[in-house]
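Overview (structure and organization)
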Amino acid sequence: MNDKPIIAMNADFRPAKSETFSFTWMHTGYYDSVSQSGGVPIMLPPMAEDDDLRRVLEQIDGLVLTGCKLDLDPIRLGFEPHPVTRPMPPRREEFDRRLAKLAYEMKIPTLAIGSGMQTLNLICGGSLFQHLSEDVYKSLCHRDSVENCLRHVIEIVPGTKMDGIYGPGEIRVNSDHHMAIDQLAPNFRVSATALDGVIEAYESISEDWWCLGTQFHPESESSSALDMQVFEAFIDGVKDQQVSGADILSFDQARRAA
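Worth saying up front: this structure is predicted, and the values here are computed from it rather than measured.

With respect to the overall build of the protein chain
From N to C terminus, the protein chain includes seven helices and 13 strands. What you see for the protein chain is a C-alpha radius of gyration of 18 Å, in line with the 18 Å of a compact globule of 258 residues. Each of the three principal axes of the protein chain carries a C-alpha extent, and together these read 65 × 50 × 35 Å. Split into buried and exposed, the 258 residues of the protein chain put 50% on the buried side. Sequence separation of 24 or more characterises 68% of the internal contacts of the protein chain that already satisfy a separation of 6 or more. On the protein chain, roughly 12,800 Å² of surface is accessible, and the fraction owed to carbon and sulfur atoms is 51%. Charged side chains of the protein chain number 23 positive and 39 negative; the gap between the two group centres comes to 3 Å.

Listed below in structure tokens is the structure:
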């Protein structure tokens, strides 16, 4: 087992426009945070073939499902589009959905952030609110069109991965979203909420799958120094799942030999 696990991250995508060519890019904070936490980051473009994608995923140790400034398509969610909703390019959303599905099926250790957290929840059977200020009674401000570094308090559920990362006390995180989780998928449990009840973090309930989702962005320049611990816990989780998988494989091999 290599000391530094290979961590894949899905890239953002913009289609061509008039005189601008299409391009794939990534927020620097994602790969810097992975590197600084002891992983080796690689970028995944929106690949067309699932067989090719699965072949790549078989070679990695962990996955970061990245966020996006744009939204999941409300029409695909069964909503009438809200005026403030700005859907991400279909190629990006379709790839993210396929990637999340394979991550779940293959039990790849996963850190899902922002819209990545929302996508994974959808794939696993959950649902979303389209616009918090109208869908949640007395909701907090989760996105400010003027303040780019909006922060609010979250309440961490004791005994969860978030509790292990941050410990007790008041935690403030960045916030820049108007969609959020409504019904949580049965594969997950809540790890943290905002004071209005909006889910800010969840984690896998399966012992054989390390997975943490955060609605806030620990990779952002608006994050706190404590937030780097999210990536550090993720890398530790990747290594722990590698060790557990190797132990199971060794046991199976010994049983067959006997």
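A short note on unusual backbone geometry
Positive phi, normally seen in glycine, also occurs at serine 18, with a value near 30°. Relative to the helices and strands, serine 18 resides in the loop between β2 (12-14) and β3 (23-25). Of note, lysine 107 is a non-glycine position whose phi angle comes to about 55°, a positive value. Among the secondary structure elements, lysine 107 is positioned in the loop between α3 (90-106) and β6 (110-113). Judged by its relative accessible area of 23%, lysine 107 is partly exposed.

Examining the pattern of salt bridges
Tallied over the entire structure, the rule returns 11 salt bridges. Close ionic contact of aspartate 12 with arginine 92 constitutes a salt bridge, the shortest N to O distance being 3.0 Å. With aspartate 12 in strand β2 and arginine 92 in helix α3, this pair connects stretches of sequence that are 80 residues apart. By the burial criterion, aspartate 12 is buried, and arginine 92 matches it. Linking arginine 54 and glutamate 105 is a salt bridge whose minimum nitrogen-to-oxygen distance equals 3.7 Å. Residue arginine 54 is located in helix α2 (residues 50-57), and its partner glutamate 105 is located in helix α3; the two are separated by 51 residues in the primary sequence. The partly exposed category is assigned to arginine 54, whose relative accessible area is 32%.

A look at the side chain of asparagine 121
In this structure, asparagine 121 sits in helix α4 (residues 115-123). The buried category is assigned to asparagine 121, whose relative accessible area is 0%. A polar side-chain atom of asparagine 121 sits 2.8 Å from the main-chain amide nitrogen of alanine 185. Setting aside residues up to four positions removed in sequence, asparagine 121 forms contacts with Gly126, Ser127, Leu128, Ile181, Gln183, Leu184, Ala185, Phe188 and Tyr202.

Examining the nonpolar core
Counting residues in each nonpolar core, the largest one holds 32 residues, and the members touching the most others are Leu44, Leu53, Leu57, Leu63, Leu99, Leu120 and Phe188. Ranked by residues supplied to this core, first place goes to α3 with five residues. With near-sequence residues (within four places) excluded, leucine 53 lies in contact with Leu44, Met47, Phe95, Leu99 and Leu102. Counting 27 residues, the second largest nonpolar core, distinct from the first, contains Met9, Tyr30, Val34 and Ala192.

Focus on the sheet that holds strand β13 (residues 211-214)
A sheet is described by the order of its strands in space; here nine strands give the open sequence β4-β1-β5-β6-β13-β12-β11-β8-β9, paired in mixed fashion. Of all strands in the sheet, those with a lone pairing partner are β4 (40-44) and β9 (171-174), marking the two edges. Sheet twist, expressed as the mean angle between neighbouring strand axes with direction ignored, is 25°. The pairing of strand β12 (residues 199-204) with β13 spans three bridges and is antiparallel. Paired with glutamate 203 across the two strands is leucine 212, which belongs to β13.

Focus on the environment of isoleucine 42
Within the secondary structure, isoleucine 42 sits in strand β4. Residues isoleucine 42 and alanine 11, spaced 31 residues apart in sequence, show a C-alpha to C-alpha distance of 9.7 Å. Once residues within four sequence positions are removed from consideration, isoleucine 42 is found in contact with Ile6, Ile7, Ala8, Met9 and Ile60.

Cut-offs used in this document
- Residues numbered from 1 in each chain as written.
- Predicted model: local features only at pLDDT ≥ 70, side-chain atom pairs only at ≥ 80, totals over all residues.
- Heavy atoms only, no water.
- Helix = DSSP H or I, 4+ residues; strand = E, 2+ residues; numbered from the N terminus.
- Rg over C-alpha atoms; globule rule 2.2 N^0.38 Å.
- Buried < 20%, exposed > 50% of the residue type's maximum accessible area, 1.4 Å probe, protein only.
- Contact = heavy atoms within 4.5 Å.
- Areas by Shrake-Rupley, 256 points an atom, 1.4 Å probe, with all protein chains shown as cover.
- Lys, Arg positive; Asp, Glu negative; His and termini not counted.
- Charge placed at Lys NZ, Arg CZ, Asp CG, Glu CD.
- Salt bridge = Lys/Arg side-chain N within 4 Å of Asp/Glu carboxyl O.
- Polar contact = N/O pair within 3.5 Å; in protein donor to acceptor, adjacent residues only side chain to side chain.
- Core = buried A, V, L, I, M, F, W, Y, C linked by side-chain atoms within 4.5 Å.
- Pairing = 2+ DSSP bridges.
- Axes fitted to C-alpha atoms, helices over the stretch in contact; angles between N-to-C directions.

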